[in-house]
Amino acid sequence: GNETKDNNMALPPICQIDAEARQGGRNYPVELFVHGDAADTLQRLLDCLPETLDTDPNLPHEISTTRALAEGALRQRLGPYHVVADVLLEKVFNGRHPWVRDVTISNSTFGNRYVQIADPKLGVHALGGGIGQGISMGIGAALASEGPKAITLLGDGGAQLGIAELITAVQENCPLVYVLMNDAAYGVIQNIQDAQYSGRRHYSALNTPDFELLCQSVGMPHMKVSDTAEFGGVLDAAIEREGPVLIEVDMIAIGPFAQAFAGPPAG
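Every residue gets a number counted from 1 within its own chain, in the order that chain's sequence is written. A pLDDT threshold of at least 70 governs which residues receive local features in this predicted model, and a stricter bar of 80 or more applies before side-chain atom pairs are shown or counted, although totals over entire chains, interfaces and linings include all residues. As a rule here, side-chain values come from all non-hydrogen atoms in the structure, and water together with hydrogens is ignored.

Visitor: How should the overall build of the protein chain be read in this particular structure?
Guide: Numbering goes from the N terminus for both helices and strands, where a helix is a DSSP run of H or I of at least four residues and a strand is a run of E of at least two. Of the regular secondary structure elements, the protein chain holds 11 helices and eight strands. Atoms counted for the radius of gyration: C-alpha only. Globule rule: 2.2 Å times the number of residues to the power 0.38. Taking 267 residues into account, the globule formula puts the C-alpha radius of gyration at 18 Å, and the protein chain, at 21 Å, falls close to it. Values of accessible area rely on a 1.4 Å probe in the Shrake-Rupley scheme; residue burial ignores everything except the protein chains shown. On the protein chain, roughly 15200 Å² of surface is accessible, and the fraction owed to carbon and sulfur atoms is 53%. In this tally, Asp and Glu contribute negative charge and Lys and Arg positive charge; neither His nor the terminal groups of the chain are included. A charged residue contributes its charge at one atom only: NZ of Lys, CZ of Arg, CG of Asp or CD of Glu. A distance of 3 Å separates the average location of the 17 positive side-chain charges in the protein chain from that of its 32 negative side-chain charges.

Visitor: Just checking my understanding: could you explain the layout of surface pockets for this structure?
Guide: A 1.4 Å probe that fits into a set of points on a 1 Å grid over the protein atoms alone but cannot get out defines a cavity; an open set with protein on both sides within 12 Å along at least five of seven lines defines a pocket, and lining residues are those with an atom within 4 Å of a point. Grid points are joined across faces, edges and corners, and a volume is the space filled by probe spheres set on the points. One number sums up the size of the largest pocket: a volume of about 670 Å³. Lining the largest pocket we find 32 residues, and of these Val 103, Thr 104, Ser 108, Gly 129 and Phe 261 sit closest to its centre. Going through the elements one at a time, helix H4 (105-111), helix H6 (156-161) and helix H8 (187-196) are the ones with two or more residues in the lining of the largest pocket. The greatest single-element share of the lining of the largest pocket, amounting to four residues, is contributed by H4. Of the residues belonging to the lining of the largest pocket, the class tally is 13 nonpolar, 15 polar and four charged. By the convention adopted, Pro, Cys, Tyr, Trp, Phe, Met, Ile, Leu, Val and Ala count as nonpolar, Lys, Arg, Asp and Glu as charged, and the other residues, Gly among them, as polar.

Visitor: I'm lost on the nonpolar core in this one. Help?
Guide: It is characteristic of soluble globular proteins that their nonpolar side chains tend to be buried jointly. Joining through side-chain atoms within 4.5 Å is the link that ties buried Ala, Val, Leu, Ile, Met, Phe, Trp, Tyr and Cys residues into a set, and such a set is a nonpolar core. The buried label applies to any residue whose accessible area, calculated with a 1.4 Å probe on protein chains only, is under 20% of its type's maximum; exposed applies above 50%, and partly exposed to all values in between. Of all hydrophobic cores here, the largest spans 34 residues; its most connected members are Tyr 81, Leu 88, Phe 110, Phe 231, Leu 235 and Ile 247. Of the residues forming this core, the biggest block, six residues, is contributed by helix H3 (residues 82-95). Look past the residues within four positions of Phe 231 in its chain and what remains in contact with it is Val 84, Val 87, Leu 88, Val 179, Val 225, Ile 247 and Val 249. With 20 residues, the next largest nonpolar core counts Ile 139, Ala 159, Leu 180 and Met 220 among its residues. In this description, contact between two residues means that some pair of their heavy atoms is separated by no more than 4.5 Å.

Visitor: In this structure, what is going on with the pattern of salt bridges? I would like to understand it.
Guide: Pairing of side chains with opposite charge becomes possible as their charged atoms draw close. The term salt bridge refers to a pairing of a side-chain nitrogen on Lys or Arg with a carboxyl oxygen on Asp or Glu at a separation within 4 Å. Going through the model one piece at a time under the given rule, you end up with six salt bridges. When the shortest N-O distance is used, the salt bridge between Asp 40 and Arg 44 registers 3.1 Å. Of this pair, Asp 40 and Arg 44 both sit in helix H1 (residues 38-48), four residues apart, roughly one helical turn. Residue Arg 44 is classed as exposed on the basis of its relative accessible area of 55%.

Visitor: Explain unusual backbone geometry here, please?
Guide: With the exception of glycine, most residues fall at negative phi, and the peptide bonds are largely trans. A positive phi angle, near 55°, is found at Arg 96, a position not held by glycine. Take Arg 96: it is sitting in the loop between H3 and strand E3 (99-101).

Visitor: I keep staring at the state of the cysteines and nothing clicks. Help me out?
Guide: One way to say it: the disulfide is the covalent bond shared by the sulfur atoms of two cysteines. Pairs of cysteine sulfur atoms within 2.5 Å are identified as disulfides in what follows. Taken as a whole and judged by the stated rule, the model has zero disulfides. Looking at the unpaired Cys 48, the closest cysteine sulfur is the one in Cys 15, lying at 14 Å. No disulfide involves Cys 174; its nearest neighbouring cysteine sulfur is the one of Cys 215, lying 14 Å away.

Visitor: Got a minute to help me understand the side chain of Asn 182 in this structure?
Guide: Tracing the chain through its elements places Asn 182 in strand E6 (residues 176-182). Among the polar contacts listed, one links the side chain of Asn 182 to the backbone nitrogen of Ala 184, at a separation of 2.9 Å. As used in this structure description, the phrase polar contact means that two N or O atoms lie within 3.5 Å; if the pair is within protein, one of them must be able to donate a hydrogen and the other to accept it, and residues adjacent in sequence are counted only when both atoms belong to side chains.

Visitor: I would appreciate a short explanation of the packing of aromatic side chains in the present structure.
Guide: Each pair of aromatic rings is reported with the distance of its centres and the angle of its planes. Here the aromatic set is Phe, Tyr and Trp, taking the six-membered ring for Trp, and pairing holds for ring centres within 6.5 Å; pairs whose planes are under 30 degrees apart are stacked, those over 60 apart are edge-to-face, and all others are tilted. Evaluation of the coordinates by the stated rule reveals one aromatic pair. Ring centres of Tyr 81 and Phe 257 lie 4.7 Å apart, and the angle between their planes is 45°; this geometry places the pair in the tilted category. Here Phe 257 lies in the segment after helix H11 (251-254) and Tyr 81 lies in the loop between helix H2 (59-78) and H3, a separation of 176 residues in the sequence.

Visitor: How should the pairing of strand E8 (residues 245-250) be read in this particular structure?
Guide: Residues in a regular strand project their side chains so that they alternate between the two faces of the sheet. Of all six residues that make up E8, six are buried, and the element is covered over most of its length. Any two strands between which DSSP finds at least two bridges are classified as paired. Pairing of E6 with E8 involves six bridges; the strand directions are parallel. Bridge pairing in E8 places Tyr 178 opposite Leu 246. Alignment of strand E7 (residues 222-225) against E8, held across four bridges, turns out to be parallel.

Visitor: Please clarify how the packing of H3 against helix H10 (residues 231-240) should be interpreted in this entry.
Guide: The description of two helices packed together rests on the angle between their axes and the distance between the axes. At a minimum axis distance of 9 Å, the contact between H3 and H10 shows a crossing angle of 35°. Crossing hand, H3 versus H10: right-handed. Where H3 approaches H10, its residues Val 84, Val 87, Leu 88 and Lys 91 are matched on the opposing element by Phe 231, Gly 232, Leu 235, Asp 236 and Ile 239. For the contact of H3 with H10, a count of residues per class yields six nonpolar, one polar and two charged. Simply put, an axis is a line fit to the C-alpha atoms, just over the touching stretch for a helix, and the angle between two N-to-C directions goes from 0 to 180 degrees. By convention the crossing between two helices is left-handed if the near helix lies anticlockwise of the far one by an angle smaller than a right angle, and right-handed if it lies clockwise.

Visitor: Whenever I open this one, the sheet that holds strand E5 (residues 150-155) confuses me. Can you help?
Guide: Hydrogen bonds between backbone atoms are what pair the strands of a sheet, whose relative direction is either parallel or antiparallel. Pairing in this open sheet of six strands is parallel, and the strands run E4-E3-E5-E6-E8-E7 from one edge to the other. If you trace the sheet from one side to the other, it starts and ends with strand E4 (123-125) and E7, each paired once. Strand-to-strand, the axes of this sheet are offset by a mean angle of 15°, without reference to chain direction. Packing of helix H5 (residues 134-144) onto the sheet brings it into contact with E3, E4, E5 and E6, and relative to E5 it is tilted by some 175°.

The following block contains the structure:
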């Protein structure tokens, strides 16, 4: 919904390949539906094509330009958090870290759109759209990984829905770094209330735990970032430590995003 104006953005004719026959045209009408395995079907299509396609020679340049402009616009919307996004992009991709994301404002703004993974199997995300799965998903990715530590992006609200699993992460000594973006609120609800209800906020401010004390109580190392310039060094230190570490990014101290995220565009 966030990328397609709630499935209302105009798109060219669509051909869909899906292993599940009932998924055809679920979000958008399709010109052609192919019931099959995507890898197998695409390979058969490639086998039917000539080695060289008769495409506009400027197309690669236009694609590169469009991508650079889109990424630049995205970084501007992040405000001070473009530093966090840039550090995570470099670390996750070049370090081949599993990249796990709960449903949070930070994931909707840059986690899904900007931070790249080195391999398709290194990305884990709560596709159902509900918050609160990040802590446990991070544990699963960490225990399944045979390589670098898993890095998991959380929000303070979602973390509270699965908070007991921090104990599991410690008990299993998971190779895991949690990056917890703490705005001490259900931030996207506040932004929706500001955008659609003239700033009349109700029940979106949370009684947020002291995550440092919480981590201390379960034996998990805790690091706090109150200036985005510190984030890169703190993340490096957390990756080097054995076992799980929680990095709390203090969004109250740092300030808001340059552009508020209020869910899928309305209207």
